[in-house]
Every structure is written in structure tokens, then in C-alpha cells.
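Report on the structure
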Amino acid sequence: MIEALASGCLTTTFVWVQHLGGVIEAAKSENEHVREWAAPLCRGERRAGLALGGAVPGPPRLAARATYGGWTLNGSSPFVSGWGRVDVIYTAARTDDGQLVWALVDARESETLSVERLELVALNATATVRADFREHAVPAARVMSVVPYREGPTPPEVLRIHASLALGVARRCCRLLGGTSLDEDLAGVRAELDRLDPLTIEAARGAAGELALRAAAGLAVETGSPSLLLSGHAQRLVREALFCLVYALRPGSRAALLAQLDVRRPA
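Now for a look at the structure at hand. (Residues numbered from 1 in each chain as written. Predicted model: local features only at pLDDT ≥ 70, side-chain atom pairs only at ≥ 80, totals over all residues. Heavy atoms only, no water.)

1. Considering the state of the cysteines
Test applied: A pair of cysteine sulfur atoms is labelled a disulfide when the two atoms are within 2.5 Å. Type-normalised accessible area, obtained with a 1.4 Å probe on protein chains alone, sets the label of each residue: buried when under 20%, exposed when over 50%, and partly exposed for intermediate values.
Here the structure, examined in full by the defined rule, presents zero disulfides. Cys244 provides the cysteine sulfur closest to Cys9, a residue in no disulfide bond, and the two sulfurs are 12 Å apart. Cysteine Cys173 is unpaired, with the sulfur of Cys174 as its nearest cysteine sulfur at 7.0 Å. Assessed through its relative accessible area of 0%, Cys173 is described here as buried.

2. Overview of helix H9 (residues 251–260)
Let me state the cut-off plainly: By definition, any uninterrupted DSSP run of H or I lasting at least four residues is a helix, any uninterrupted run of E lasting at least two residues is a strand, and each is numbered from the N terminus. The directions from the helix axis to the C-beta atoms are what the arc is built from. Any two residues whose heavy atoms approach within 4.5 Å are treated as being in contact.
For H9, the full list of buried residues reads Ser253, Ala256 and Leu257. Seen from one end, H9 has its buried residues packed into an arc of 100 degrees, which puts them on one side. Across from the buried face of H9, at angles greater than 90 degrees, the exposed residues are Pro251 and Ala259. For H9, the elements touching its buried residues are helix H7 (201–223) and helix H8 (233–246). Asp262 occupies a position one or two residues after H9 and carries a positive phi of about 60 degrees.

3. Thoughts on the pairing of strand S2 (residues 62–67)
Condition: Paired strands are those between which DSSP finds at least two bridges.
Bridge analysis of S2 against strand S3 (residues 70–80) gives six bridges, and the strand direction is antiparallel. Note that in S3 the partner of Arg65 across the bridge is Thr72. Here S2 hands over to S3 after two residues, with Gly69 in that stretch at a positive phi of 85 degrees.

4. Side note on the packing of helix H5 (residues 156–177) against helix H6 (residues 182–194)
Keep this limit in mind: Orientation is described by lines fitted to C-alpha atoms, with helices fitted over the stretch in contact, and by angles between N-to-C directions that extend from 0 to 180 degrees. Angles are sorted into four bins: roughly parallel if under 35 degrees, roughly antiparallel if over 145, roughly perpendicular if 65 to 115, and oblique for all others. Two helices that cross are described as forming a left-handed crossing if the nearer one is turned anticlockwise from the farther one by less than a right angle, and a right-handed crossing if clockwise. In this classification, Asp, Glu, Lys and Arg are treated as charged, Ala, Val, Leu, Ile, Met, Phe, Trp, Tyr, Cys and Pro as nonpolar, and every other residue, Gly included, as polar.
It is at 10 Å that the axes of H5 and H6 come closest, and there the two elements cross at 165 degrees. Accordingly, the angle class assigned to the pair H5 and H6 is roughly antiparallel. In the packing of H5 onto H6, the handedness of the crossing is left-handed. When H5 is examined against H6, the residues Arg160, Ala163, Leu167, Ala170, Arg171, Cys174 and Leu177 are found in contact with a partner set consisting of Leu182, Asp183, Leu186, Val189, Arg190, Leu193 and Asp194. A per-class count over the contact of H5 with H6 returns nine nonpolar, no polar and five charged.

5. Let's talk about the nonpolar core
For clarity, the threshold we go by: We call a set of buried Ala, Val, Leu, Ile, Met, Phe, Trp, Tyr and Cys residues a nonpolar core when their side-chain atoms join them within 4.5 Å.
Leu10, Leu165, Val169, Cys173, Val189, Leu193 and Ala208 are the most contacted members of the largest nonpolar core, which totals 35 residues. Those elements giving two or more residues to this core turn out to be helix H1 (2–8), helix H2 (10–28), H5, H6, H7 and H8. With ten residues, the top contributor of residues to this core is H7. Beyond its immediate stretch of four places on either side in the chain, Leu10 contacts Leu123, Leu165, Val169, Glu240 and Cys244. Core analysis: the next-biggest nonpolar cluster, separate from the first, contains 20 residues, Ala51, Val86, Ile89 and Ala131 among them.

Below, the structure written as C-alpha cells:
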């Protein structure tokens, strides 16, 4: 379904997928106050964004400190989409002792939360910002979970979602091109991703990005000089393919992509 939606409007699908993460975690949270958010989030009466500053590998960009009655957040989350449209941000922050705190943070600026709008090459309508937190208080009633932070491979199910966005772009290009060899390539990459094999999923996620880029380039060449017009589909799909190529790119997928693109450093 994500692939089908992405083939129609990648911007809408991208924001919607991030909203789903908040819905799922609110529904299964042990915090009864958080679970009360699940119903309005499911109905679309409330909308959620995603801030992963504390969950990305390496030193935490967003830190959490336990305080009386909740937690205090300091740092930043570099890419938060849907600003001005979402009500809460499903936010990850990390503690000094290696705990990952997930919380629902109100998506509005204040003395302790500021944002800077980012201009993206594609999907600019997602209203993506960098969010900066300075002694931002989060009450215990908004804490979804506190779990040990562990670095490791991204779960295959998550990579499959990421790849679906790229497959959606490739699918739209295939439809506009008509019958080509790309149709078979699309089916092959989709089938490999559906296996959810931990040993191959990162390479398959990279292959989906490469296919989207190749399909968009093919459409641009087939379309010719009208591809340079901002009113045309081809230029937008090329930019969307670039977005999918690098969005949430993990080391394994990056290495696979560079190999597929035959990008090598001199010995």
C-alpha cells in the first residue's frame, strides 16, 4: 500500500508514514495517558510527526535527563517533517546511561523549542524543519517508553518501508514510460524486498533507490527537453528519486548503492 500511495504523491505518503509510527507506539504504550492519544491519532483528529535525534547511531543529538515529574530534553533533531500540520512529535532522546526515551512532544515553538525551516530539493511541501530543544520539559504523562538503547542493524521491516517510497517513484515512472524492461526490474526488486532477509535487505533497499533513480532518468531522457520544465512530471520524479536514494540511508545500503553505481576510491 505504501508503494501505491508513494506512486501517487510521495510528499503525502512520507508524512503519513511518520504519523503511523506515533499511532502504533501510542496504542501499545504502557502509559495510560499516552494510550489516550491512540484513538484521536487513528481518526486523524490529531497528527504526529517524528524526531529521531536521540535514536540515530553515534553520539546522541538529542539528550534526555530525568527530572522531577518527567524529563528534560536538550539538543536537536535534524529532520522533522509536517511542521505546522502535526500536533505532536514522536520524539527519541537518549540518556547518559544509555536509555532511549520516547515521548510525545507538542509540535509548537516556545522558549525551549525552536525550529528552522529546511529547503529540500524534493518534498519541500513536507514542511521539514530542524528542531532545537533547550531545557525542554516533557511531563511523565507524555512518555511513551524508556528502553535500553542498542545500536545494530535496522530491522528488515523498517527498511522495507523505506524501500517502498523508492519503489513508488519507480512505479510512477514505469507507468509514464509504458511497457519497458524496468517493469521486470521493479518486480524483481520488490520480490527480493518481500523476503525480508536480514542478510540481503540492506542491499535490496539500496537497489530500490538505484532503480528509482534509473527509472526517473529514463523518463527524463524519453521526455526530452520538456523534462527541464518545472511543470513536467520528469523533473519532479528525478528529484524525488534523489530524495529516496539518500533518505534514512544506513551504512549497509550505502555501501551496496555505491557498488551498484560503481563508485570506487583509488587504491
